[in-house]
Amino acid sequence: MTFRDIAIKNFKRNFRNFFSYFICSAFAIMIFFLYAALFFNESIRKESADDLIWIVFLMSLAALTLFSVFFIHYAHSSFIKARSKEFAILMSLGMHKNDLKKITALENLMINLFSLLLGIITGTIFSRLFQNSAIDLLELKGVAYSLSPASFITTVGVFTCIFAVSQTLSSVKLSRLELSDLMKNSRMLDNSMNRNAVKLGIAGVLLVLLSTIFLVIVANQENLNSNPFLILAYILMCFTGIYMVIAHLGNTLIGLLKNKSFYYHHILPITEIHHKFNQNKRIMFILSILSGMSIFLVASPFSLLQLSGSIAERNPYDIEFVSVGGIHAIGKEQLQELLNGSSEPFKTMETTTFLSLAMNREGSKYDVLHSKPVISQQMYNLLTGESVEVPVGEAVNIITAWEPGMHGVEPGTALVLSDGSQAFSYTVKASYHGGWFATASTYPSSSGIIVNDHDYKEMLSKVGSGAIGTHYGVDFASWRGTEKFLQQLKHTLDAGDLDGSGTLFPVASKLDAYKELKKNYSLFVFVTSLIGILFFTAGGMVLYFKQYTEMGNAIVFFRKLYKIGISEKEVRSVVSAELLITFFVPLVLGSIFGYSFIYLITHVMSGSDILPEFMKNTTLVVAVYFVFQLSFYTMTKRKYSQEVVRKLSSAA
């Protein structure tokens, strides 16, 4: 019998163990190929000027690559552990370690080639649908479906490297094992009971709770929630707490329940759960993080997509624009004529005077003109309903950009505002994210300035007419029906701005904001959902795969109990309990991390006002996740229990 014959026979005998690994690998390759094909579509790259889209695709490819490295290496390691007794028998019959390496290499070569072939074929079949969906979401015109050779080369290259590295690591692990180690490797259990386990388990629960409280405090403080060290501290606290809970929960359960009647009535399920926690703590920890990331990746864009209308309605007016320095100059009669001709009933129009003054600071990327809109304290409070008080000679900087940070205007710094001939100096009293009297996109600045009423009057009397601007805010019966008026207004304003300067002060509308948000969020849902589905599917497959690779040890364990009188019903009860813990503890702990991180990101992006709706949509995603996990659990429990009982019955 040749090595090839041995490899083929082993492959057939362990087909069930290989099958879940094969399906998951092929699925990961297919998803990677879909993103690679989209990434290398040159026509999409040329038509889409948004670099964020390519960053998302690149991050998706990186995430898929990292996940594939983890999953494939885990599968290889599990194969060696599950088949250690088989390898030991072969070595005792005279087979050398190098021969074992050749057998495993041939087995893995077969499954890797077939999974790569299936993944690329299915990816090619579905790539047209995937690309057309992405093109529609991006609203790209004249873009055609295409498959670049680079997508095939990249996919084959990446996964060939992953398979090669994983096989190399497995070979190194095999070469370090001795015959005695292989014989006892499959029977090695981690059932040690640390006398401090109860304290460590409780400490883990407390650490998770403390990390959540810490997160709430940090998220609600604007000067803290953008600090990367504090966010990193939360992640470390949360991950450490989750690992301590998983690593010591079984021991904690034993310690708390021992010497109680409940423990003795359920001693077998409790001790088996204890064993599963100790044996599977690393993979359960990884799956907890994987579950949390899946929930975050799917729930965040899904919630934003559902809330596109609500986010657009945060704009104070249905349609807004500013007229300053001769830009967007439009007469009241002309504007009124446009309003009267609108198909959507016009309700109100408000005009607000402000000053547009150059500043002495660099600001941020949003400060295209290095200038700031300035308004008086009284007018700001009247328009926004706030109660801001600004002393004479000081200024308050209201940040309108969504990114965290001070955007170049920190509290306590000197701010000089000028119209080119007159300069006015102020000390920045405060700088924070807050509501503004206008939509941020109407003026190319990251923030607006509030000054004392006396200071504002003084500036107004000294600056030139070119520094005095007017903000127009128009409301209709329904902003969803303003398409026709919006296009007419843009056309009229563009006709008056022959030099193209009007592009610096775009017309803002709830309708345009809604369309843009829906388009972007639809794309994010499209991109992240597939990654989330991959993570979820692979997580379930890992658990399913793990149970079957460890079935040999489970059969030996239950066979001993079967001989001393355990019933089939009790066997099924033990199997159900241990699988319930293995499948759902990572999901519960991952949900805590997912909710917490979504809470943090919502506050960082100044979206605390939509947090309730955000969390409601996140809960919907978590509920769907639990339903799908329940289906995996039910399928695994049924097949696993049937297989265990069948082998016990045949042995009897």
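Residues numbered from 1 in each chain as written. Predicted model: local features only at pLDDT ≥ 70, side-chain atom pairs only at ≥ 80, totals over all residues. Heavy atoms only, no water.

**Focus on helix α17 (residues 483-496)**
Over its 14 residues, α17 runs 21 Å from end to end, which matches the ideal 20 Å to within 8%, given 1.5 Å per residue. Those residues of α17 not exposed but buried are F485, L486, L489, T492 and L493. Down the axis of α17, the buried side of the element spans an arc of 130 degrees, and every buried residue falls inside it. (Helix = DSSP H or I, 4+ residues; strand = E, 2+ residues; numbered from the N terminus. Expected span 1.5 Å × (residues − 1). Buried < 20%, exposed > 50% of the residue type's maximum accessible area, 1.4 Å probe, protein only. Arc of directions from axis to C-beta.)

**Here's the deal with the pairing of strand β6 (residues 423-433)**
Bridging between strand β4 (residues 394-399) and β6 involves six bridges; their strand directions are parallel. By the bridge assignment, I398 is partnered in β6 with Y432. Summarising the sheet, strand β5 (residues 414-418) and β6 pair through five bridges and their orientation is antiparallel. Residue pairing in the sheet places V416 in a bridge with S425 of β6. Count of turn residues in the β5/β6 antiparallel hairpin: four residues, of which G420 carries a positive phi of about 110 degrees. (Pairing = 2+ DSSP bridges.)

**Points about a nonpolar patch on the surface**
A contiguous nonpolar patch, built from I202, V205, L206, L209, L210, I213 and I217 and spanning about 630 Å² of accessible area, is present on the exposed surface. On the secondary structure map, L209 appears in helix α9 (residues 197-219). A relative accessible area of 49% places L209 in the partly exposed class. (Patch = residues over 30% accessible without salt bridge, like charges linked within 9 Å, V, L, I, M, F, W, Y side chains within 5 Å. Areas by Shrake-Rupley, 256 points an atom, 1.4 Å probe, with all protein chains shown as cover. Salt bridge = Lys/Arg side-chain N within 4 Å of Asp/Glu carboxyl O.)

**Some thoughts on unusual backbone geometry**
If you check the backbone angles, H328 has positive phi at about 60 degrees while not being a glycine. Relative to the helices and strands, H328 is located in the loop between β1 (319-323) and α14 (332-340). Non-glycine residue H370 carries a positive phi angle of around 50 degrees. Residue class for H370 comes out partly exposed when judged on its relative accessible area of 33%.

**With respect to the nonpolar core**
Most often, soluble globular proteins have nonpolar side chains that are buried together. The biggest cluster of nonpolar side chains holds 60 residues, and the ones touching the most others in it are Y234, I242, F558, V571, F597 and V644. Of all elements in the fold, only α9, α10 (228-257), α12 (267-306), α13 (308-312), α18 (510-549), α19 (551-563), α20 (568-604) and α21 (611-651) reach the threshold of two or more residues within this core. The greatest single-element share of this core, amounting to 15 residues, is contributed by α20. Residues contacting F558, with those up to four places away along its chain left out, are I566, V571, V574, V575, V644 and L648. In terms of nonpolar packing, the next biggest core, distinct from the first, is built from 24 residues, F22, Y35, L61 and L64 among them. (Core = buried A, V, L, I, M, F, W, Y, C linked by side-chain atoms within 4.5 Å. Contact = heavy atoms within 4.5 Å.)

**Looking at the packing of aromatic side chains**
This structure, assessed with the given rule, holds 20 aromatic pairs. The interplanar angle of 65 degrees and the centroid separation of 6.1 Å between the aromatic rings of F583 and Y633 together place this pair among those described as edge-to-face. Remark: Y633 occurs in helix α21 and F583 occurs in helix α20; sequence separation between them is 50 residues. Exposure class is identical for F583 and Y633. Each is buried. (Phe/Tyr/Trp six-rings, centres within 6.5 Å; stacked < 30°, edge-to-face > 60°.)

Read these as layout, nothing more, since geometry by itself doesn't imply function.
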